Amino acid sequence: MGKSSKKCKENRQQRKEEIAKIAKTQGILNAAKKQDDPMANLQPFSKFSKDGLDVTISFSKVDDLDEIAKEKVLDLMRTNMKETYESCDWGWNEKEKYDELFDEDARYILAKGDDGSLVAFSHFRFDFDEGRPVLYCYELQLSETARRKGLGRRMMQILEMFAWQANMERVVLTILKNNPGAKSFFLSMKYELDETNPEDDDEETFCYEILSKQRKIKTVE
Ligand SMILES: CC(C)(COP(=O)(O)OP(=O)(O)OC[C@H]1O[C@@H](n2cnc3c(N)ncnc32)[C@H](O)[C@@H]1OP(=O)(O)O)[C@@H](O)C(=O)NCCC(=O)NCCS
């Protein structure tokens, strides 16, 4: 076989492998998105009690949230983050935030008190990120009185279990540089700068960082 036809064959084989990989990743993502309740296997982790904080953690798809539940999510988001967003390049645009929070792909874990009050939530999605199947944690928001009791850690552990049981490669998230408490929290959870994190240079600086944690066990072939 001539050198160039060998090269062509190699290219074709490479393309075939790439297409197969994309199809496989798509299949993994579809299966992850289809799950009715990833929390069903994780019931022992649904109750959290510490230092006077008693909550039940449950999973919801965005369609399961009624307008009152959406309002509570948005209220907690605004209370926690409006000022932080306003003091960086992002600014606070409530319409945009509403659309992002309640996009059809949004998934939630909600931590509620015995009286049904919303104590904390995480908005996450199963998504393609630079060709990787990932669980993207868009938000982790706790009301002020619930903080530093281990609830944030518990909720991230649940998201990680969701990710690994659905064969995601990573859990990925974005933090603002002007939110050092969040950075300390995620570092304490062993998150590291992701390969997609944009680096500041002379032309551009970024007010955020992208962190991630990789799955330790190899994805099921
Ligand atoms: C960031 C946040 C989710 C952390 O949740 P939490 O339940 O308070 O954190 P935990 O109690 O699980 O903390 C685990 C460890 O993280 C670190 N940590 C958490 N919050 C921290 C803070 N504000 N400053 C420094 N370290 C912190 C500590 O090492 C802590 O362990 P310790 O309490 O034994 O010292 C919570 O503070 C929060 O909702 N903040 C407002 C919203 C926000 O900034 N969200 C992140 C957006 S990306």
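About the thresholds
- Residues numbered from 1 in each chain as written.
- Predicted model: local features only at pLDDT ≥ 70, side-chain atom pairs only at ≥ 80, totals over all residues.
- Heavy atoms only, no water.
- Helix = DSSP H or I, 4+ residues; strand = E, 2+ residues; numbered from the N terminus.
- Buried < 20%, exposed > 50% of the residue type's maximum accessible area, 1.4 Å probe, protein only.
- Contact = heavy atoms within 4.5 Å.
- Pairing = 2+ DSSP bridges.
- Axes fitted to C-alpha atoms, helices over the stretch in contact; angles between N-to-C directions.
- Near = heavy atom within 4 Å.
- Polar contact = N/O pair within 3.5 Å; in protein donor to acceptor, adjacent residues only side chain to side chain.
- Areas by Shrake-Rupley, 256 points an atom, 1.4 Å probe, with all protein chains shown as cover.
- Phe/Tyr/Trp six-rings, centres within 6.5 Å; stacked < 30°, edge-to-face > 60°.

Looking only at helices and strands, the protein features five helices and eight strands. Moving toward the C terminus, one meets the helices and strands of the protein in the order α-β-β-α-α-β-β-β-α-β-α-β-β. Summarising its shape, the C-alpha atoms of the protein cover approximately 75 × 45 × 30 Å along the three principal directions. Taking all 221 residues of the protein together, 43% fall into the buried category. When contacts within the protein are restricted to residue pairs at least 6 apart in sequence, long-range pairs at least 24 apart make up 65% of them.

Taking strand neighbours across the sheet as the criterion, the eight strands line up as E1-E2-E3-E4-E5-E6-E8-E7 in an open arrangement whose pairing is mixed. Whereas interior strands pair on both sides, the edge strands pair on one side only; in this sheet they are strand E1 (47-50) and strand E7 (192-193). The pairing of strand E4 (residues 118-129) with strand E5 (residues 132-142) spans 10 bridges and is antiparallel. Bridging across to E5, Asp129 finds its partner in Arg132. Of the strands in this sheet, E1, strand E2 (53-61), strand E3 (107-112), E4, E5, strand E6 (170-176) and strand E8 (208-214) are in contact with helix H4 (residues 151-165), which crosses E5 at around 160 degrees.

Right, let's get into the site of the ligand. Close contacts around the ligand come from 21 residues, with Leu140, Leu142, Arg148, Gly152 and Asn179 the closest. Between Arg148 and the ligand, the recorded distance is 2.8 Å, taken from a backbone N or O atom to an oxygen atom. Gly150 places a polar main-chain atom, nitrogen or oxygen, 2.9 Å from an oxygen atom of the ligand. Contact with the protein chains hides 75% of the accessible area of the ligand, taken as 900 Å² for the molecule alone.

Let us look at the packing of aromatic side chains. Considering all chains together, one arrives at 14 aromatic pairs under this definition. Arranged with centres 5.9 Å apart and planes meeting at 40 degrees, the rings of Trp90 and Tyr208 form a pair that is tilted. Separated by 118 residues along the polypeptide, Trp90 in the loop between helix H2 (67-86) and helix H3 (94-101) and Tyr208 in strand E8 bring together distant segments of the chain. Note on Tyr208: relative accessible area 22%, which makes it partly exposed. Pairwise contacts between aromatic rings join Tyr85, Trp90, Trp92, Phe206 and Tyr208 into one cluster.

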